[in-house]
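What follows is each chain in one-letter form.
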Amino acid sequence: MDQKPLPLLICLTLLAGAALAVPMPSAAGAPIVAQDTSEGEKLRVLVLELVNKARAEQKLPPLQIGKEINEAAKAHAADMLRRNFYGHISPEGKSVQDRYLKAGGARWRITAENIARCTGCGADVATVEELQHGWMNSKVHRENILRKGITQFGFSIVTQAGKPVYAVQTFTGPGVSGIAGAGEPGKKISEKESVAKALELLNKERKEAGMPAFTEGVALTKAARSMLAQKKLDDFSLAQTGKLMDALPEDEREDWESLKILAFACGGCGGELTDSDVRFFVKEWLSNPRNKAMLLDGDFTHLGFALAASGQGKKVALGVIGKKQEK
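Residues numbered from 1 in each chain as written. Predicted model: local features only at pLDDT ≥ 70, side-chain atom pairs only at ≥ 80, totals over all residues. Heavy atoms only, no water.

This part takes up the overall build of the protein. The helix and strand tally for the protein stands at 10 helices and 9 strands. In the protein, which comprises 327 residues, the share counted as buried stands at 50%. Here the analysis covers contacts within the protein between residues at least 6 apart in sequence; of these, 75% occur between residues at least 24 apart. Roughly 15600 Å² of accessible area belongs to the protein as shown, and the carbon and sulfur atoms make up 52% of that amount. (Helix = DSSP H or I, 4+ residues; strand = E, 2+ residues; numbered from the N terminus. Buried < 20%, exposed > 50% of the residue type's maximum accessible area, 1.4 Å probe, protein only. Contact = heavy atoms within 4.5 Å. Areas by Shrake-Rupley, 256 points an atom, 1.4 Å probe, with all protein chains shown as cover.)

Written as structure tokens, this is what we have:
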């Protein structure tokens, strides 16, 4: 039952990924909304101040209002009021991530959402302060507000005579390194350091398996980096790994008897390269029996490695293992 002063609160967090959005229903008969007035903008700024105050108390960086994630909040609040439903998922099955993408958001960023509904209240300062208090006193909602790896914020509150008030907080950002692994933030590393880390981790596994250590294949590393640099990383497809031989310098292609390539991509993985990323990608490769067999194959003697970040949450790792031609 909806009642004041205990608004109904729900939250949702999603990792970024591909999704298709369907058109929103017609705006005919649209409700009176606070979000499209100067008062609505003042409430949005107020909620952001409250959110950033809570984050500052935890020594977390402040958020800024983001155009696309704010549009996602506005669309969902108005849609729930117009069609009289309440939840993170629309009747068509669309989520906050879908709404963010439809508004033009970046595919590889994480998204999160808090929603609330109350009756006997208004779209005013007292209500938004009460909602923020309720969200901060709910573990799951608090986690969204204090989440690491988010940078942008959106908010909307809507009302119409005779109907409940609906409020939506939305969040997005590139995420953090290690989010899909052990959750370790890691430390920033250079391209050169990432190769050394990959060699360290894989050679430890090879030693335990009784195999000789990999040597860095400088040409293989250059080829892997070249493949990642061919186009914007957000558009990079793992299908492009079939062009490995083309990425090698022509005068070095005859040096290799056999080459194998491993690739992995993740979203919501942070904006900077860290040693935690290398640990994560190596762990993923070793968790696949086929890939592990290749990495521990004693016939392969050289390793090339490249790691790249789009800055929007997507990271791609390429590993190239090679067996030199006998001379």
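The next thing to look at is the state of the cysteines. As used here, a disulfide is simply a covalent bond connecting the sulfur atoms of two cysteines. Going through the model one piece at a time under the given rule, you end up with 2 disulfides. Across the disulfide, C266 is cross-linked to C269 (sulfur-sulfur distance 2.1 Å). Here the two residues C266 and C269 agree in accessibility, since each one is buried. Each bonded cysteine of the protein gets a number by its place in the sequence, and the pairs then read 1-2, 3-4. (Disulfide = S-S within 2.5 Å.)

The next subject is the confidence of the model for the protein. Per-residue confidence for the protein averages 84 on the pLDDT scale, and 84% of its residues sit at or above 70. Low pLDDT (under 50) marks residues 1-32, which in the prediction has 91 contacts with non-local residues, meaning those over four places away or in another chain. For residues 179-183, every residue scores under 50 in pLDDT, and the model assigns this stretch 6 contacts once sequence neighbours within four places are set aside. (pLDDT = per-residue confidence, 0-100.)

Right, let's get into the packing of helix α6 (residues 191-208) against helix α9 (residues 275-287). Taken N-terminus to C-terminus, the directions of α6 and α9 make an angle of 40 degrees; their axes are 9 Å apart at the nearest point. The pairing of α6 with α9 is recorded here as oblique in orientation. Considering how the two elements wind past one another, α6 and α9 form a crossing that is right-handed. On α9, the residues that touch S194, K197, A198, L201, L202 and E205 of α6 are D275, V278, R279, V282 and L286. (Axes fitted to C-alpha atoms, helices over the stretch in contact; angles between N-to-C directions. Parallel < 35°, antiparallel > 145°, perpendicular 65-115°, else oblique. Left-handed = near helix turned anticlockwise from the far one by under 90°.)

Relative to the elements of secondary structure, I321 occurs in strand β9 (residues 315-324). Look at I321 and you get buried, because its relative accessible area is 0%. If we skip the residues at most four places from it in the chain, I321 touches F214, L220, S258, L259, K260, M294, L295, F300, H302 and L303.

Take the sheet that holds strand β8 (residues 302-309) next. Here we have 4 strands laid out as an open sheet, ordered β6-β8-β9-β7, and mixed in their pairing. At either margin of the open sheet sits one strand with a lone partner, and together these are β6 (215-216) and β7 (256-266). Note: β6 against β8, 2 bridges, orientation parallel. Paired with E216 across the bridge in β8 is L303. Docked against the sheet, helix α7 (residues 218-228) engages β6, β7, β8 and β9, running at close to 25 degrees with respect to β8. Sheet strands in contact with α9 are β7, β8 and β9, and its direction is about 115 degrees off that of β7. (Pairing = 2+ DSSP bridges.)

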